[in-house]
Amino acid sequence: MPGTTVVIGMGNDARGDDAAGLHVARLLRDSLPPRFLVAESPGDPMHLVATWSGADLAIVIDAVSSGAAPGTVHDGVSPQFTRSWQGSSHALALADAIALGAALDRLPGELLIFGIEGTDFALQAPITSTVQAAIHETARAISERLQIG
C-alpha cells in the first residue's frame, strides 16, 4: 500500500481499558476521509507488520501501563520506549512487532505511536471514564494531524 496512511488501533474489547486503541480506531473510521486505512488489531506482531507494510505513515494506538496517571495520552512515543510499557493483555508487545518489522524490512516510512494510560484491564471490566475521555482526546489529535492539506 505505497503512498498510504494507516491508523491501527490495538486492544482487546473484553479487557476494560485495553480496548482504548480499538475505540480510537472506530471513532476515526467514522470521521476520516476514505483515503486513510483504519484497522483494528488484537496486537499480534505479524498482523501489525502486514497492516503497516508499505505505508508512508502508520499511526498505532494502544492502551499502556507505564505508571503515569490514568488517562494520560503519550503522544509521538519513540518506538524504543514501547519496551518499557507493560503489556496489557497482549502476549507480545508493540515493541515485538517493531522488531519483527525491522528484521523483515517491513516498517512504514514513519511510525507514530500513541499510548493511552489505562488502569483497569480486568476481564469484562468497562472502560474507565478517564480512559474514555482520553480516547476522544486521542481521536481528535490524530484527526487534526491527518487533516493537513
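Just above, that's the structure.
Here goes a summary of the coordinates provided.

Quick notes on the rules
Residues numbered from 1 in each chain as written. Predicted model: local features only at pLDDT ≥ 70, side-chain atom pairs only at ≥ 80, totals over all residues. Heavy atoms only, no water. Helix = DSSP H or I, 4+ residues; strand = E, 2+ residues; numbered from the N terminus. Buried < 20%, exposed > 50% of the residue type's maximum accessible area, 1.4 Å probe, protein only. Contact = heavy atoms within 4.5 Å. Areas by Shrake-Rupley, 256 points an atom, 1.4 Å probe, with all protein chains shown as cover. Polar contact = N/O pair within 3.5 Å; in protein donor to acceptor, adjacent residues only side chain to side chain. Salt bridge = Lys/Arg side-chain N within 4 Å of Asp/Glu carboxyl O. Core = buried A, V, L, I, M, F, W, Y, C linked by side-chain atoms within 4.5 Å. Pairing = 2+ DSSP bridges. Expected span 1.5 Å × (residues − 1).

1. What to know about the overall build of the protein chain
Here is step 1 of the chain: When its secondary structure is counted, the protein chain shows four helices and five strands.
Here is step 2 of the chain: Counting over 149 residues, the protein chain shows a buried share of 46%.
Here is step 3 of the chain: Restricting the contact set of the protein chain to residue pairs at least 6 apart, pairs at least 24 apart contribute 77%.
Here is step 4 of the chain: On the protein chain, roughly 6700 Å² of surface is accessible, and the fraction owed to carbon and sulfur atoms is 54%.

2. Observations concerning the environment of Thr128
Here is step 1 of the chain: Among the structural elements, Thr128 can be located in the loop between strand E5 (110–117) and helix H4 (129–146).
Here is step 2 of the chain: Judged by relative accessible area, which is 19%, Thr128 ranks as buried.
Here is step 3 of the chain: When the C-alpha positions of Thr128 and Pro70 are compared, they lie 8.9 Å apart, and in sequence the two are 58 residues distant.
Here is step 4 of the chain: The contacts of Thr128, once residues within four sequence positions are left out, are Asp17, Thr119 and Asp120.

3. With respect to the side chain of Ser41
Here is step 1 of the chain: One can find Ser41 in strand E2 (residues 36–41).
Here is step 2 of the chain: A polar side-chain atom of Ser41 sits 3.1 Å from a polar atom in the side chain of His47.
Here is step 3 of the chain: Not counting chain neighbours up to four residues away, the residues in contact with Ser41 comprise Ile8, Gly9, Met10, Gly11, Leu22, His47 and Leu48.

4. Quick look at the pattern of salt bridges
Here is step 1 of the chain: For the structure on display, the rule yields four salt bridges.
Here is step 2 of the chain: For Asp13, the salt bridge goes to Arg26, with nearest N and O atoms at 2.7 Å. Highlighted residues: Asp13 in the loop between strand E1 (5–10) and helix H1 (20–31) and Arg26 in helix H1, separated in sequence by 13 residues.
Here is step 3 of the chain: Asp13 sits in the partly exposed class, given a relative accessible area of 45%.
Here is step 4 of the chain: A salt bridge links Arg26 to Glu40; the nearest nitrogen and oxygen atoms lie 2.9 Å apart. Taken together, the residues span a long stretch of sequence, with Arg26 in helix H1 and Glu40 in strand E2 at a distance of 14 residues.

5. A closer look at the nonpolar core
Here is step 1 of the chain: With 22 residues, the main nonpolar core has Val7, Val24, Ile59, Ile61, Ile116, Ile142 and Leu146 as its most contacted residues.
Here is step 2 of the chain: At the level of elements, H1, E2, strand E3 (57–64), E5 and H4 are the ones that each hand at least two residues to this core.
Here is step 3 of the chain: When residues of this core are assigned to their parent elements, the largest contribution, six residues, is made by H4.
Here is step 4 of the chain: Ranked by size, the runner-up nonpolar core spans 14 residues in total, among them Ile8, Ala97, Ile98 and Ile113.

6. Re the pairing of E2
Here is step 1 of the chain: Bridge count for E1 against E2 is six bridges, and the pairing is parallel. Residue pairing for E2: Val6 is matched across the bridge by Leu37.

7. Quick notes on H1
Here is step 1 of the chain: Under the 1.5 Å per step criterion, the end-to-end length of H1 is 17 Å for twelve residues, consistent within 8% with the ideal 16 Å.
Here is step 2 of the chain: By the burial criterion, the buried members of H1 are Ala20, Gly21, Leu22, Val24, Ala25 and Leu28.
Here is step 3 of the chain: Of the surrounding secondary structure, the elements contacted by the buried residues of H1 are E1, E2, E3, E5 and H4.

8. Description of the side chain of Thr5
Here is step 1 of the chain: Tracing the backbone through its elements, the reader meets Thr5 in strand E1.
Here is step 2 of the chain: Residue classification places Thr5 among the buried residues on the basis of a relative accessible area of 14%.

9. Focus on the environment of Glu110
Here is step 1 of the chain: The topology assignment puts Glu110 in strand E5.
Here is step 2 of the chain: Judged by relative accessible area, Glu110 falls into the partly exposed class, the value being 38%.
Here is step 3 of the chain: On a C-alpha basis, the gap between Glu110 and Trp52 in space is 9.9 Å, while along the polypeptide they are 58 residues apart.
Here is step 4 of the chain: Those residues in contact with Glu110 that sit more than four places away from it in its chain are Asp56, Leu57, Ala58 and Arg145.

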